[in-house]
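Summary of structural features
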Amino acid sequence: ESLTTSFLCFYDIIKIHLSPMLQLNFSILETHLTWLCTCSGFVIAVDLVLYLVMKPNASSKRSSLSHKVTRFLKCCIYFLMSCFSFHVIFVLYGAPLIELALETFLFAVILSTFTTVPCLCLLGPNLKAWLRVFSRNGVTSIWENSLQITTISSFVGAWLGALPIPLDWERPWQVWPISCTLGATFGYVAGLVISPFWIYWNRKQLTYKQNN
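The structure reproduced in this document is the subject of the present report. (Residues numbered from 1 in each chain as written. Predicted model: local features only at pLDDT ≥ 70, side-chain atom pairs only at ≥ 80, totals over all residues. Heavy atoms only, no water.)

Counting secondary structure elements, the chain contains eight helices and zero strands. Ordered by position from N to C terminus, the α and β elements of the chain give α-α-α-α-α-α-α-α. Long-range pairs, those at least 24 residues apart, make up 71% of the contacts in the chain between residues at least 6 apart in sequence. Working note: accessible area of the chain is about 12800 Å², and carbon and sulfur atoms make up 68% of it. (Helix = DSSP H or I, 4+ residues; strand = E, 2+ residues; numbered from the N terminus. Contact = heavy atoms within 4.5 Å. Areas by Shrake-Rupley, 256 points an atom, 1.4 Å probe, with all protein chains shown as cover.)

Okay, here's the thing in structure tokens:
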């Protein structure tokens, strides 16, 4: 499973950075909104495909079609709530309320893509499971370990990306929210790189934890 996680890690790095760059005349600074939409859509699509193929939390019980539809609709609602919640938080922390509102919302979308979508794929719309995974000693599998690391690193990356904005360097990438989206992306990629190594390094402790 560690080798599989490593493969998915590097595949995610390729999908995030190369797919938007296949566009003609691509530039993150000039086509920032296009890059946000493309990156978010591509990551969500690949995460869903990987979830359906790998089935990390497959259950032996067969669920009805109505249950699957209800679960899917709940996941969509959770994702939208996450996007709007992040948007409100960004505004409360100083993002423009009206000016650059679309940019702020798309930043909320891509951050939700890096954090909320993996939670929905792995844990479903279950807040108790989310709280368990992100509480101390609440992880029960390497998938949840990876989820922990990538989610936290995405938030840290977004926060670090906001630090250069108030500085008077007068660089084009300091315009809100370009540095934050780049920070979140690099944080997500860093989490994907770090998680398999961390899991491998702590494999004995993790196995012991799972057996008890």
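With that settled, consider the side chain of Ser153. Structurally, Ser153 is set in helix H6 (residues 142-162). Owing to a relative accessible area of 15%, Ser153 belongs among the buried residues under this scheme. Here the side chain of Ser153 touches Thr150 through a polar contact of 3.0 Å, landing on its backbone oxygen. Once you skip the residues sitting within four places of it in the chain, Ser153 turns out to touch Gly187, Tyr188 and Gly191. (Buried < 20%, exposed > 50% of the residue type's maximum accessible area, 1.4 Å probe, protein only. Polar contact = N/O pair within 3.5 Å; in protein donor to acceptor, adjacent residues only side chain to side chain.)

Turning to the layout of surface pockets, a few remarks are in order. Where empty space is left in the structure can be found by rolling a water-sized probe over the atoms. Computed from the structure, the second largest pocket encloses a volume of approximately 420 Å³. As for the second largest pocket, its lining consists of 15 residues, of which Phe90, Tyr93, Ala162, Trp176 and Cys180 are closest to the centre. Of all the elements in the fold, those that place two or more residues in the lining of the second largest pocket are helix H3 (65-92), helix H4 (101-123) and H6. Among the elements that line the lining of the second largest pocket, the one with the most residues is H6, at four residues. When the residues that make up the lining of the second largest pocket are grouped by side-chain class, the tally is 14 nonpolar, one polar and no charged. (1 Å grid on protein atoms, 1.4 Å probe; cavity = no way out; pocket = protein on both sides within 12 Å on 5 of 7 lines; lining within 4 Å. Points joined across faces, edges and corners; volume = space filled by probe spheres on them. Nonpolar A, V, L, I, M, F, W, Y, C, P; charged D, E, K, R; others polar.)

The values are spatial; any link to function lies outside them.
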